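Structural overview
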Amino acid sequence: MAYVFDGIESVIDGMNSAVAPSLIQRTEIARGVNLDLRNGVPRTRRAFTTLQMDGDPAVLSFVHSGKWQGGAIYRWAGKDYIVFGIFGRIFMLDVERCYVDEITPDGVRLSAVVDRLYFCQANEYMVIQDGYNRPIIVFGRSARVSACGDDPEKPEVMVGTIMVFGQGRLFVVVDRKYFMAGDIYLPWEPERVLQFTETQYLSGGGAFGLPAWMGNITGMMFQPNVVSGTGLGALVVFAQKGVASFGVQAARSTWNSTDIARVLYQDGGGTGQDSLLSVGNDIFYLGTDGLRSLKMTASELQGSGALLRSLPLSRKVQSLVDDETAWAYQFASGAVHDNKMYLTAIARMRKVLNPFGVEVDDFYFDGLMTIDLIGHTNNPMVYEGITTGFNFLQVFEVERFGNKHLISFIVDKENEINLCVRGGNELDNYISRQQCKLYTPAFSFQTATLIQKRFVYAEVWLSELTGIVDMELLFRQEGYPLWMKSGAARFVSKNDLFGNTLSQIRQKIRITDEANGLSSEESELRNALVGARIQFCLTWSGTCQIERIVFVSESQPEEIRTYENDDNKNELTGLEVIDYIYKA
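Conventions adopted
Residues numbered from 1 in each chain as written. Predicted model: local features only at pLDDT ≥ 70, side-chain atom pairs only at ≥ 80, totals over all residues. Heavy atoms only, no water. Pairing = 2+ DSSP bridges. Helix = DSSP H or I, 4+ residues; strand = E, 2+ residues; numbered from the N terminus. Axes fitted to C-alpha atoms, helices over the stretch in contact; angles between N-to-C directions. Core = buried A, V, L, I, M, F, W, Y, C linked by side-chain atoms within 4.5 Å. Buried < 20%, exposed > 50% of the residue type's maximum accessible area, 1.4 Å probe, protein only. Contact = heavy atoms within 4.5 Å. Salt bridge = Lys/Arg side-chain N within 4 Å of Asp/Glu carboxyl O. pLDDT = per-residue confidence, 0-100. Polar contact = N/O pair within 3.5 Å; in protein donor to acceptor, adjacent residues only side chain to side chain.

1. Quick word on the sheet that holds strand β17 (residues 178–181)
- Ordered in space as β15-β16-β17-β18, the four strands form an open sheet in which the pairing is antiparallel. In the strand order of this sheet, the two ends are held by β15 (163–166) and β18 (207–209), each with one partner. Taken pair by pair, the neighbouring strands of this sheet meet at an average axis angle of 25°, ignoring direction.
- Bridge analysis of strand β16 (residues 169–174) against β17 gives four bridges, and the strand direction is antiparallel. Across the sheet, the residue bridging to valine 173 is phenylalanine 179, located in β17.

2. Description of the nonpolar core
- Ranked by size, the top nonpolar core spans 62 residues in total, and within it Met341, Met471, Phe536, Trp540, Ile546 and Phe551 carry the most contacts.
- Excluding residues within four positions of it along the chain, tryptophan 540 makes contact with Leu35, Arg43, Thr44, Gln434, Gln435, Cys436, Leu438, Val469, Asp470, Met471 and Ile546.
- With 27 residues, the next largest nonpolar core counts Leu51, Met53, Cys98 and Leu393 among its residues.

3. A word on the pattern of salt bridges
- Throughout the structure, instances matching the rule amount to 29 salt bridges.
- Residue arginine 31 is joined to aspartate 323 by a salt bridge in which the shortest nitrogen-to-oxygen separation is 2.9 Å. You can see arginine 31 sitting in strand β2 (residues 31–33) and its partner aspartate 323 sitting in helix α2 (residues 318–323), a full 292 residues away along the chain.
- For aspartate 323, a relative accessible area of 32% puts it in the partly exposed group.
- Here the residues in one salt-bridge network are Lys67, Asp115, Arg350 and Asp362, joined through shared partners.

4. Some points on the pairing of strand β25 (residues 290–295)
- Among the six residues of β25, five are classified as buried, and the element is accordingly described as predominantly covered.
- Note that strand β24 (residues 282–287) and β25 share five bridges and pair antiparallel. Bridge pairing links phenylalanine 284 to serine 293 in β25.
- Between β24 and the antiparallel strand that follows it, β25, lie two residues.

5. As for the confidence of the model for the protein
- Averaged over every residue, the pLDDT of the protein is 86; the share at 70 or more is 86%.
- Taken as a whole, residues 297–303 scores under 50 in pLDDT and shows 20 contacts with residues more than four places along the chain or in a different chain.
- In this model residues 517–521 is a low-confidence stretch, pLDDT under 50, and it forms twelve contacts with partners more than four residues away in sequence or in other chains.

6. Some thoughts on unusual backbone geometry
- Positioned with a positive phi, cysteine 148 is a non-glycine residue whose angle comes to about 50°.
- Mapped onto the fold, cysteine 148 is located in the loop between β14 (142–145) and β15.
- Look at cysteine 148 and you get buried, because its relative accessible area is 10%.
- Of note in the backbone geometry, glutamine 167 takes a positive phi value of approximately 55° without being a glycine.

7. Description of helix α1 (residues 57–64)
- Those residues of α1 lying buried are Val59, Leu60, Phe62, Val63 and His64.
- Among the residues of α1, the N-terminal cap falls to aspartate 56, whose side-chain oxygen and the backbone nitrogen of alanine 58 are separated by 2.9 Å.

8. What to know about the side chain of glutamine 167
- Counting through the fold element by element, glutamine 167 comes out in the loop between β15 and β16.
- With a relative accessible area of 15%, glutamine 167 lands in the buried category.

9. Remarks on the sheet that holds β14
- Spatially, four strands are ordered β11-β12-β13-β14 in an open sheet, and the strand pairing comes out antiparallel. Every other strand in the sheet has two partners, leaving β11 (118–122) and β14 as the edge strands with one partner each. Strand-to-strand, the axes of this sheet are offset by a mean angle of 25°, without reference to chain direction.
- Both strand β13 (residues 136–139) and β14 contribute to a ladder of four bridges, which runs antiparallel. Across the sheet, residue phenylalanine 139 finds its bridge partner in β14, namely serine 142.

What follows is the structure, encoded as structure tokens:
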């Protein structure tokens, strides 16, 4: 029978699992793992490297073995720090020196059992809440407990949960369903931003609430990049069953006499504070149905908050959303770095011992959902798939030595909390070759889809090859649940006369189907090897760029089933591919 050809050369439109593999475009992939698709050509993602934390041995021991309760960036004296909580104690990380200090006030602890603490920087101060105890206020490298209402004339920030700072005020969620606004910040009276004296009067607005049907408040963020003196618009409040906005940019004296609240929509709301991301004019967030964007229209540039639109964005990564652990959305975090969005995904449980020696639950995330925000003219966002290799706790973009870096707290192979950074080196932790996967469309080989085909061989062109790259090709007929291994190959980059590795060597290799010698006339094996459309999974370990792939198949005669050649064997034949097992 005749050979037929198909393949890929550009994947400029990124991942698309919203439809069946046979329906996606030739410039898309069905799924990606540890890929960088920025230039439209798939390559190995940049590596992550573990950073060694320094500090007092007793402090480090407590941090390494503890339960992660979240953290936030604290910018003070022109430098970035990360303030975080472990079993109710508060720590401060210098991201340049990787030095950890404990700054918990003497004799004070926040709750050691809550899964997440709440953090918010209000100008010079960082406020930390657990929802039960008096908040801790960080100033510089020291911390104290809020006075709350000890001084009725100047009450400080009260016990609450989620917080946000904007329009010169600190807003605090109280009783899960309401929020209160603090006093306006004054440069000559900086501690005023921590006070809540204006809430004592009706003209000050008191507390704001959401309709009961919306449920508890799950997050707050100011509408970004609007035409206003502060660059901020309305306060957007996310709840379990909807989203509302409050026009708090108006003078406070008008809050009580003006209808400043708007319910934007009533379907699935937000899930957590740390997954709210400001990108351009929009707010990206994890909703109950996956990733969504609160879109700002042209008429919304004045920032009233009345015309914001919520758009679902997860369809193209539906296969990742299907793997997601929805119960952990409330603990997910995100960061924007190098014009890419990273969101923690696929939660897993782990066990740790609390300070009393009792085993308690904690969790981490298997990967980072990765989206390129640059894209191109017809597709402004390109979904790259998922980044794996570490057990991620929370991600941040911080400034280190004058440059922006993506940093993540992780759980290492010893089940200890540690730190890693996305770097420019070629290998994870300098020694581990990243394991990448590229799932192609299901190809019909440009023939009538009713014609049966059997895969014969593939030719792969590589460039930017560094060191050793081990490659494996799997395939399956569309609709078949398991994969068949076609073959494997090893690429080795060449050296110059001085023994230095050359990275711009272009290589081509042919991978032949190892199953060609197997009989396909009986039982399930026929279904595994022969079909109208064939999908491929190219996996490799190492650093390279895939320039193009050509797949070659052979047309097959239509099978005639009779009682004699049907042996009634229905066992599935092939391999199951798991995307989350690689750890650096």
